[in-house]
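Per-entry structural report
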Amino acid sequence: MIPLDAIESARDRIAGAALRTPLVRLHADAPAEIWLKLENLQPIASFKIRGAANAVRAADRAEVDAGLVTASAGNMAQGVAWIARELGVPATIVVPESAPETKLAAVGRLGGRVMRVPYADWWRTIEESRVPGLEGLFVHPVVDERVMAGNGTIALEILEDLPDPEAVVVPYGGGGLVTGIASALRALRPETRVYAVEPETGAALNAALAAGEPTEIDYRPSFVDGAGSPRVLPGMFSRVRELIDGAFTASPDEAAAAVRLLAERTRVVAEGAGALAPAAALAGRAGEGRVACIVSGGNIDLSTLAPILAGRTP
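My aim in this report is to walk through the structure given alongside it, one point at a time. Since the model is a prediction, treat every value here as computed from it, not as a measurement.

Some words on the packing of helix 8 (residues 176–188) against helix 10 (residues 236–243)
Taken N-terminus to C-terminus, the directions of helix 8 and helix 10 make an angle of 40°; their axes are 9 Å apart at the nearest point. Judged by the angle between their axes, helix 8 and helix 10 are oblique. Between helix 8 and helix 10 lies a crossing whose hand is left-handed. Across from Gly-176, Val-178, Thr-179, Ala-182, Ser-183 and Arg-186 in helix 8, the residues of helix 10 making contact are Met-236, Arg-239, Val-240 and Leu-243. The residue makeup of the contact of helix 8 with helix 10, split by class, is 5 nonpolar, 3 polar and 2 charged.

Here it is as structure tokens:
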């Protein structure tokens, strides 16, 4: 659990980098009263700016001056590149070969250097928290507690706008987002249920909860590129299991339908991972009452978005 004072300190530290994003109602035929926390409106169109800004601004300046390094499918890449540009230091990003061009182009615009590697090598970098041969401060997209504290600031804002949510639903990639949010909620409103959602094509957390321990799964890449994994990261399972009330999956069809509904009803562009929480809530998996859903990002290739808006699943 991330201490509440660390999350509150992070809120002050990330000021000027991350926005205080709106919480808006999704009017849809659903069992719950669904509210959307629009992290897709951040400067990099993703919540990752929160954790990146907190981790780097809290680090020793001598470490930062050597440059920043991270491994990311695209959104933390942008967060690290954004803060590196602000500080005038280089940023090197290790990405899987399948990373969306929209996200990689954004990293380039921010001045970051991209290193494409096979998915297995990229996942190994995330597990080992290092890139052999590269110097600089490694900002882990998930397991860094300063990153998780930055993520937890989302919960502080939700409770200011919606003081009594029955549930908060969070997309799950590596677990850093749900750990930060759930830590703040457990401290401030423990009766609120917290659920994680994964794509059914990469539901490592669901498998681990069923087995009682992390287990390898048959991970299949999909357009939901910002969530799902072949295995729960070392050390994260024990953290997450103690903080959440359960986990769900959403199919690619459900995620695509949620992307389409958000565009139609609220004019919000969500990437696949950003639509997982609304997809679960729309299906009734999070129960009734007020349910806050984290729309974690909006970095989706137009070539992926176009068929979704036309009624197809990429």
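Here's the deal with the layout of surface pockets
Approximately 690 Å³ is the volume found for the largest pocket. If you list the elements that add at least two residues to the lining of the largest pocket, you get helix 4 (75–87), helix 6 (119–128) and helix 8. With 4 residues, the single largest contributor to the lining of the largest pocket is helix 6.

Re the environment of Ala-208
Positionally, Ala-208 belongs in helix 9 (residues 204–211). Among the residues examined, Ala-208 registers a relative accessible area of 0% and is labelled buried. Taking the C-alpha atoms as reference, Ala-208 lies 8.3 Å from Arg-231; in sequence the two are 23 residues apart. Each residue touching Ala-208, except ones within four places of it in the same chain, is listed here: Glu-213, Pro-214, Thr-215, Val-232 and Phe-237.

Comments concerning the sheet that holds strand 5 (residues 113–117)
Spatially, 5-4-3-6 is the arrangement adopted by the 4 strands of the open sheet, whose pairing is parallel. The outermost strands of the open sheet, each flanked by one partner alone, are strand 5 and strand 6 (137–138). Inspection of the sheet shows strand 3 (residues 68–71) paired to strand 4 (residues 91–96) by 4 bridges, in the parallel sense. Following the sheet pairing, Leu-68 is matched in strand 4 by Ala-91. Each of strand 3 and strand 4 is contacted by helix 4, which is oriented at about 175° to strand 3, the strand it contacts most.

What to know about the pairing of strand 2 (residues 32–38)
For strand 2, the buried fraction is high: 6 of the 7 residues fall into the buried class. Of the strand pairs in this sheet, strand 1 (residues 23–26) and strand 2 are connected by 4 bridges, and their pairing is antiparallel. Bridging from a neighbouring strand, Val-24 pairs with Leu-36 of strand 2. Counting the residues that bridge the hairpin from strand 1 to strand 2 gives 5 residues.

Description of helix 7 (residues 145–161)
Helix length check: helix 7, at 17 residues, gives a terminal C-alpha distance of 25 Å against a target of 24 Å (1.5 Å per residue), a fit within 8%. In terms of burial, helix 7 is a largely internal element, 13 of the 17 residues being buried. The N-capping residue of helix 7, defined by a side-chain oxygen 2.8 Å from the backbone nitrogen of Arg-146, is Asp-144.

Some thoughts on the sheet that holds strand 7 (residues 167–171)
Taken in spatial order, the 6 strands make up an open sheet running 1-2-10-7-8-9, and their pairing is mixed. Both outer strands of the open sheet, strand 1 and strand 9 (246–250), are each paired with one neighbouring strand and no more. Taken pair by pair, the neighbouring strands of this sheet meet at an average axis angle of 30°, ignoring direction. Docked against the sheet, helix 11 (residues 252–266) engages strand 1, strand 2, strand 9 and strand 10 (289–295), running at close to 105° with respect to strand 1.

Examining unusual backbone geometry
Comment: phi is negative for the bulk of residues other than glycine, and the bulk of peptide bonds are trans. Backbone geometry places Ala-45, a non-glycine residue, at a positive phi of 60°. When you line up the elements, Ala-45 lands in the loop between strand 2 and helix 2 (48–58). Within the chain, Arg-267 stands out as a residue other than glycine whose phi angle is a positive 60°. Note that Arg-267 resides in the loop between helix 11 and helix 12 (276–282). According to the relative accessible area criterion, Arg-267 is exposed, its value standing at 66%.

Thoughts on the side chain of Ser-72
Among the secondary structure elements, Ser-72 is positioned in the loop between strand 3 and helix 4. For Ser-72, a relative accessible area of 5% translates into the label buried. Here the side chain of Ser-72 touches Met-76 through a polar contact of 3.2 Å, landing on its backbone nitrogen. In this view, Ser-72 contacts Ala-77, Ile-93, Val-94, Val-95, Pro-96 and Trp-122; residues no more than four positions away in its chain are not counted.

Structural notes on the side chain of Arg-50
Relative to the helices and strands, Arg-50 is located in helix 2. Of note is the side chain of Arg-50, whose polar atom sits 2.8 Å from the side chain of Thr-153.

Here is what the cut-offs are and how they apply
- Residues numbered from 1 in each chain as written.
- Predicted model: local features only at pLDDT ≥ 70, side-chain atom pairs only at ≥ 80, totals over all residues.
- Heavy atoms only, no water.
- Axes fitted to C-alpha atoms, helices over the stretch in contact; angles between N-to-C directions.
- Helix = DSSP H or I, 4+ residues; strand = E, 2+ residues; numbered from the N terminus.
- Parallel < 35°, antiparallel > 145°, perpendicular 65-115°, else oblique.
- Left-handed = near helix turned anticlockwise from the far one by under 90°.
- Contact = heavy atoms within 4.5 Å.
- Nonpolar A, V, L, I, M, F, W, Y, C, P; charged D, E, K, R; others polar.
- 1 Å grid on protein atoms, 1.4 Å probe; cavity = no way out; pocket = protein on both sides within 12 Å on 5 of 7 lines; lining within 4 Å.
- Points joined across faces, edges and corners; volume = space filled by probe spheres on them.
- Buried < 20%, exposed > 50% of the residue type's maximum accessible area, 1.4 Å probe, protein only.
- Pairing = 2+ DSSP bridges.
- Expected span 1.5 Å × (residues − 1).
- Polar contact = N/O pair within 3.5 Å; in protein donor to acceptor, adjacent residues only side chain to side chain.

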